Amino acid sequence: MIGWTVADWLAAYKGGETPLELMARLVKLLPARDNAWISLADYEHLGRQIAVLDARRAADGGSAALPLYGVPFAVKDNIDVAGLPTTAGCPEFAYT
């Protein structure tokens, strides 16, 4: 799964796997002590975010409005994301 392209993710989604199932597969592949990540979103947080996207897709009439729906991405921890810690690599200045 590591090294998948956007096309690979979209094909897996179209094959019946939900974005949350795909994310669960990806998180299981991350090493337990991978220094590249200061924090990871938990399944509950991911589930809430996916529910919001599902509601938006339903309101907008399908995936055309969200072409990257279900494709994972990383956000540098100096950018605010609701519900996740912003640290900029400095625990003394961390906030959520």
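Predicted model only: the values in this text are computed from it and were never measured.

Chemist: Teacher, can you tell me more about the overall build of the protein chain here?
Modeler: For the protein chain, the helix and strand inventory stands at three helices and zero strands. Counting helices and strands in the order they occur from the N terminus, the protein chain gives α-α-α. Per-residue burial for the protein chain yields a buried fraction of 21% across its 96 residues. Within the protein chain, contacts between residues separated by at least 24 positions form 41% of all contacts whose residues are at least 6 apart in sequence. When the accessible surface of the protein chain is totalled, it reaches about 6800 Å², and 60% of it is carbon and sulfur.

Chemist: Sorry if this is basic, but what is going on with the nonpolar core here?
Modeler: Side chains of nonpolar character tend, in soluble globular proteins, to be buried together. Judged by nonpolar contacts, Trp9, Ala12, Leu22, Met23, Leu26, Leu46 and Val71 together constitute the single largest core of seven residues. Among the elements of the structure, helix H1 (6-14) and helix H2 (19-29) are those that each provide at least two residues to this core. Top contributing element to this core by residue count: H2, with three residues.

Chemist: Sorry, what's going on with the packing of H2 against helix H3 (residues 43-60) here?
Modeler: Packed helix pairs are characterised by how far apart their axes lie and by the angle those axes make with each other. In contact at an axis separation of 10 Å, H2 and H3 are set at 150° when each is read in the N-to-C sense. Looking at the two axes, H2 sits roughly antiparallel to H3. Considering how the two elements wind past one another, H2 and H3 form a crossing that is right-handed. Across from Pro19, Leu20, Met23, Ala24, Val27 and Lys28 in H2, the residues of H3 making contact are Tyr43, Leu46, Gly47 and Ile50. When the residues that make up the contact of H2 with H3 are grouped by side-chain class, the tally is eight nonpolar, one polar and one charged.

Chemist: Even after reading the chapter, I still don't get unusual backbone geometry, so can you show me in this structure?
Modeler: For residues besides glycine, phi is generally negative; the peptide bonds are generally trans as well. In this structure, Ala88 takes a positive phi of about 55° despite not being glycine. Along the chain, Ala88 turns up in the segment after H3. Under the relative-accessibility criterion, Ala88 is labelled exposed at 52%.

Chemist: Even after reading the chapter, I still don't get the side chain of His45, so can you show me in this structure?
Modeler: Here His45 shows up in helix H3. His45 has contacts with Ala82, Gly83 and Leu84, leaving out every residue within four places of it along the chain.

Chemist: Please explain the environment of Ala51 as it appears in this structure.
Modeler: Relative to the elements of secondary structure, Ala51 occurs in helix H3. Using a relative accessible area of 44% as the deciding quantity, one classes Ala51 as partly exposed. Taking C-alpha positions, Ala51 is 9.8 Å from Leu20, a pair spaced 31 residues apart along the chain.

Analysis parameters
Residues numbered from 1 in each chain as written. Predicted model: local features only at pLDDT ≥ 70, side-chain atom pairs only at ≥ 80, totals over all residues. Heavy atoms only, no water. Helix = DSSP H or I, 4+ residues; strand = E, 2+ residues; numbered from the N terminus. Buried < 20%, exposed > 50% of the residue type's maximum accessible area, 1.4 Å probe, protein only. Contact = heavy atoms within 4.5 Å. Areas by Shrake-Rupley, 256 points an atom, 1.4 Å probe, with all protein chains shown as cover. Core = buried A, V, L, I, M, F, W, Y, C linked by side-chain atoms within 4.5 Å. Axes fitted to C-alpha atoms, helices over the stretch in contact; angles between N-to-C directions. Parallel < 35°, antiparallel > 145°, perpendicular 65-115°, else oblique. Left-handed = near helix turned anticlockwise from the far one by under 90°. Nonpolar A, V, L, I, M, F, W, Y, C, P; charged D, E, K, R; others polar.

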